[in-house]
Amino acid sequence: MSQEKFSTFPDPKEVFIPLSEEQLAILEAQVEAEQPIATVQSQFNFAWGLIKSKDTQDVKSGINIMAEIFKEVPSRRTEFIYYLALACFKIKEYREATRYIDTLLLHQPDNPHAVALKKMIDNEIAKDSLIGFAIISTGIAVVAGITSFFLKRNK
């Protein structure tokens, strides 16, 4: 597959670069101006702007808009599944992000942006697993220490 086919997907790191409040307001105004039925592109642009936000509620709103478009516009599902994976990754919903990105990679295994996002998700899952293991290990050591202290004290 050609590299050009994947050029419409942004680098995964772009999800962490928020738009200004003014830019986001312009995108929202565009959607509102097109009511009662905004174009798919306007809805997409607004959803992507929300997903790039630092506010988790904005990101979740963007996910909801994107998921609705995903259901309604089958011709753009490949594109939307990538953005949904990015959004879930951003808010640390790694299981959902993995589900989306694995689905995309089934259809586009050579997509460099999808491959990069998959690696980022896997790295975060591994890091979270190590942190969880360290917390559990520390907890066990503390309990063992306290138990040992009381056992020695009672003798």
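Residues numbered from 1 in each chain as written. Predicted model: local features only at pLDDT ≥ 70, side-chain atom pairs only at ≥ 80, totals over all residues. Heavy atoms only, no water.

In the annotation of an unreviewed UniProt entry, the chain is listed under the name Mitochondrial fission 1 protein and assigned to Pichia kudriavzevii. Here is the UniProt Function (unreviewed entry) comment for the chain, exactly as written: "Has a role in mitochondrial fission." Turning to the chain, the UniProt record has this under Sequence similarities (unreviewed entry): "Belongs to the FIS1 family." (UniProt positions renumbered as here; feature names shortened; annotations may be inferred.)

Caption draft 1: Representation of helix H1 (residues 21–33). Its 13 residues place the ends of H1 18 Å apart at the C-alpha level, agreeing with the 18 Å of an ideal helix rising 1.5 Å per residue. Listed as buried for H1 are Leu24, Leu27 and Val31. All buried residues of H1 project into a common sector of 60 degrees when viewed along the axis, lining one side. Away from its buried face by more than 90 degrees, H1 exposes Glu21, Glu22, Ile26, Glu32 and Ala33. (Helix = DSSP H or I, 4+ residues; strand = E, 2+ residues; numbered from the N terminus. Expected span 1.5 Å × (residues − 1). Buried < 20%, exposed > 50% of the residue type's maximum accessible area, 1.4 Å probe, protein only. Arc of directions from axis to C-beta.)

Caption draft 2: Seen up close, the packing of aromatic side chains. Evaluated as defined, the whole model comprises seven aromatic pairs. Consider the rings of Phe16 and Phe89, whose centres lie 6.1 Å apart with planes at 75 degrees: the pair is edge-to-face. One end of the pair, Phe16, is in the segment before H1; the other, Phe89, is in helix H4 (residues 77–90), and 73 residues separate them in sequence. Accessibility expressed as a relative area gives 43% for Phe16, which makes it partly exposed. Taken together, the ring pairs in this structure connect Phe9, Phe44, Trp48, Phe80, Tyr82 and Tyr83 into an aromatic cluster. The aromatic ring of Phe70 is capped on one face by Arg77, whose charged end is 5.2 Å from the ring centroid. (Phe/Tyr/Trp six-rings, centres within 6.5 Å; stacked < 30°, edge-to-face > 60°. Lys NZ or Arg CZ within 6 Å of the ring centre and 35° of its normal.)

Caption draft 3: Quick look at the pattern of salt bridges. Across all of its chains, the model carries six salt bridges by this definition. Put simply, Asp102 and Lys118 hold a salt bridge, and the shortest N to O gap is 2.9 Å. Residue Asp102 is located in helix H5 (residues 94–107), and its partner Lys118 is located in helix H6 (residues 112–154); the two are separated by 16 residues in the primary sequence. (Salt bridge = Lys/Arg side-chain N within 4 Å of Asp/Glu carboxyl O.)

Caption draft 4: Representation of the packing of H1 against helix H2 (residues 40–51) in the model. The geometry of H1 relative to H2 is characterised by a closest axis approach of 9 Å and an angle of 150 degrees between their N-to-C directions. Taken together, the axes of H1 and H2 lie roughly antiparallel to each other. Like other packed secondary-structure pairs, H1 and H2 cross with a definite hand, here left-handed. Of the residues in H2, those touching H1 at Leu24, Leu27, Glu28, Gln30 and Val31 are Ser42, Gln43, Asn45, Phe46, Gly49 and Leu50. Split by residue class, the contact of H1 with H2 holds five nonpolar, five polar and one charged. (Axes fitted to C-alpha atoms, helices over the stretch in contact; angles between N-to-C directions. Parallel < 35°, antiparallel > 145°, perpendicular 65-115°, else oblique. Left-handed = near helix turned anticlockwise from the far one by under 90°. Contact = heavy atoms within 4.5 Å. Nonpolar A, V, L, I, M, F, W, Y, C, P; charged D, E, K, R; others polar.)

Caption draft 5: Summary view of the nonpolar core. Formed by 31 residues in total, the largest nonpolar core has its most connected members in Met66, Tyr82, Ile101 and Leu117. Mapped onto this core, the elements with two or more residues apiece are H2, helix H3 (56–72), H4, H5 and H6. A per-element tally of this core places H4 first, with ten residues. Discounting chain neighbours no more than four positions away, the residues touching Leu117 are Pro12, Tyr82, Ala85, Leu86, Phe89 and Ile101. (Core = buried A, V, L, I, M, F, W, Y, C linked by side-chain atoms within 4.5 Å.)

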